[in-house]
Amino acid sequence: MTSKSSLYRKRRRYLEEVEREHQEEFDALEASGSVSVPASAGMSCDEANDPNSSSLENIGGGIGNESSMDYDTNYTNDMHVNDINTNDINTNDRVIDDIDEPVENADDFWRDAYSFLNSVENLKDALKYLAIVGHLSRSFLNLLLAILRKFGHPELPKDARTLLKIPKVSNEIQSITRGRLWYPGIEVALRNLFKDTIPEANQFSLQISIDGLPLFRSSPTEFWPILFKINEIPDCPVMVAGIYSGQNKPKNLEQFLRPLVAELNVLHSPGMQFGHKTVPICVKAFVTDSPARALIKSVLGFQGKHGCTKCTVVGERVDSLRKNAPQICITVPNFLWSHSYDE
């Protein structure tokens, strides 16, 4: 689409060019002093089409210098910028636009933009694609299904969840201390990833990540997802093994991590079977930040007096320089305090 400012610029350039051309013609007429102009050039269309018009007698005849100057002056004034008809301007703008931006064939646009529809087999698949790509809400998709069912497509389902084949997870959610846990498992995620294909990797080394994230600004509800990724497959997506939801971080680690530990023990021994191939599974690393690491290891955080998990050095409590700030403990090796830089 062409913007208004672009149309105005094209119109102004066109008018300036027309005025310049007629000014050059006017200057040429003044320099020559005499010019032969057909009489029909200064006539209107009605006069030219009228057989009884007296102006037809002058067709092909010459005119004097004075009449030539009068005609050309009138013709130039008629073509002045302020006297040009708006319809003519719009017509000329449309011609310029057609030259700058050629009209695209509708069939070519359909073929290029919606060529993916050639692989869609039926209306259900097309509606699934529309719902996912368009981020349609469930209520809107239900309304669309109701309209299509009423007007000639009774084979469509009534509910969007049936169309999209959304699994029911309400029975899989467990109530634990201070929250709820949904744990479909690592094996289910791997089955959904590979489906009927056999992976090329001979072993799966998992990188497991556990971290907390808030959901709302005005609510303390937060998620603690258990995510994992296959280290042998660089372009492998991050998959969800489980999600904890509660007002705070998980209070009971036994209830939170027991499903993960139990499944890893089962998968580590025989591995997973993909067709005729058995793929062993092991844990390569747990990827967490400092608070989440202290949580899953059930130790004090880095700000505690015994916060270091790699040595036995006891931290010392230091008052904060900020007002109303809590006191923190800093773990510093003892030899740094006794070392003298004067030696």
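Residues numbered from 1 in each chain as written. Predicted model: local features only at pLDDT ≥ 70, side-chain atom pairs only at ≥ 80, totals over all residues. Heavy atoms only, no water.

(A) A look at the overall build of the protein. For the protein, the helix and strand inventory stands at 12 helices and 11 strands. Buried positions account for 23% of the 343 residues belonging to the protein. In the protein, once contacts between residues fewer than 6 apart in sequence are set aside, the share between residues at least 24 apart is 57%. When the accessible surface of the protein is split by element, carbon and sulfur atoms take 53% of a total near 24500 Å². (Helix = DSSP H or I, 4+ residues; strand = E, 2+ residues; numbered from the N terminus. Buried < 20%, exposed > 50% of the residue type's maximum accessible area, 1.4 Å probe, protein only. Contact = heavy atoms within 4.5 Å. Areas by Shrake-Rupley, 256 points an atom, 1.4 Å probe, with all protein chains shown as cover.)

(B) Molecular detail of the confidence of the model for the protein. Predicted confidence across the protein gives a mean pLDDT of 75, with 68% of residues reaching 70 or more. The low-confidence segment residues 53-103, where pLDDT is below 50, has 53 contacts with residues more than four positions distant or belonging to other chains. This model gives residues 333-343 a pLDDT under 50, and the stretch forms three contacts once residues within four places in sequence are excluded. (pLDDT = per-residue confidence, 0-100.)

(C) Region of the structure containing the packing of helix α6 (residues 123-133) against helix α7 (residues 138-150). Contact geometry of α6 with α7 gives a least axis separation of 12 Å together with a crossing angle of 155 degrees. Considered as vectors, α6 and α7 are oriented roughly antiparallel to each other. The interaxial crossing formed by α6 with α7 has right-handed handedness. Within the contact between the two elements, α6 uses L127, L130 and A131 and α7 uses L141, L144, L145 and L148. Here the contact of α6 with α7 is built from residues that sort into seven nonpolar, no polar and no charged. (Axes fitted to C-alpha atoms, helices over the stretch in contact; angles between N-to-C directions. Parallel < 35°, antiparallel > 145°, perpendicular 65-115°, else oblique. Left-handed = near helix turned anticlockwise from the far one by under 90°. Nonpolar A, V, L, I, M, F, W, Y, C, P; charged D, E, K, R; others polar.)

(D) Representation of the pairing of strand β3 (residues 204-210) within the structure. With respect to burial, β3 is a largely interior element, five of its seven residues being buried. The pairing of β3 with strand β9 (residues 281-287) spans six bridges and is parallel. In the sheet register, L206 faces β9, and the bridge partner there is V283. For β3 and strand β5 (residues 222-230), the ladder comprises five bridges, and the chain directions are antiparallel. Across the sheet, residue S209 finds its bridge partner in β5, namely L227. (Pairing = 2+ DSSP bridges.)

(E) Geometry of the state of the cysteines. What the rule picks out here adds up to zero disulfides. A disulfide-free cysteine, C308 has its sulfur positioned 3.1 Å from the sulfur of C311, the nearest such atom. (Disulfide = S-S within 2.5 Å.)

(F) Structural context of the nonpolar core. I186, L190, F204, L206, F228 and F256 are the most contacted members of the largest nonpolar core, which has 32 residues in total. At the level of elements, α9 (186-194), β3, β5, β6 (239-246), α10 (253-268), β7 (272-274) and α11 (290-297) are the ones that each hand at least two residues to this core. If one sorts the elements of this core by residue count, α10 sits on top with six residues. Once residues lying within four places of it in the same chain are set aside, the contact partners of F228 are I186, A189, L190, L206, Q207, I208, P237, V238, M239, V240 and A241. With seven residues, the next largest nonpolar core counts L127, L141, A160 and L163 among its residues. (Core = buried A, V, L, I, M, F, W, Y, C linked by side-chain atoms within 4.5 Å.)

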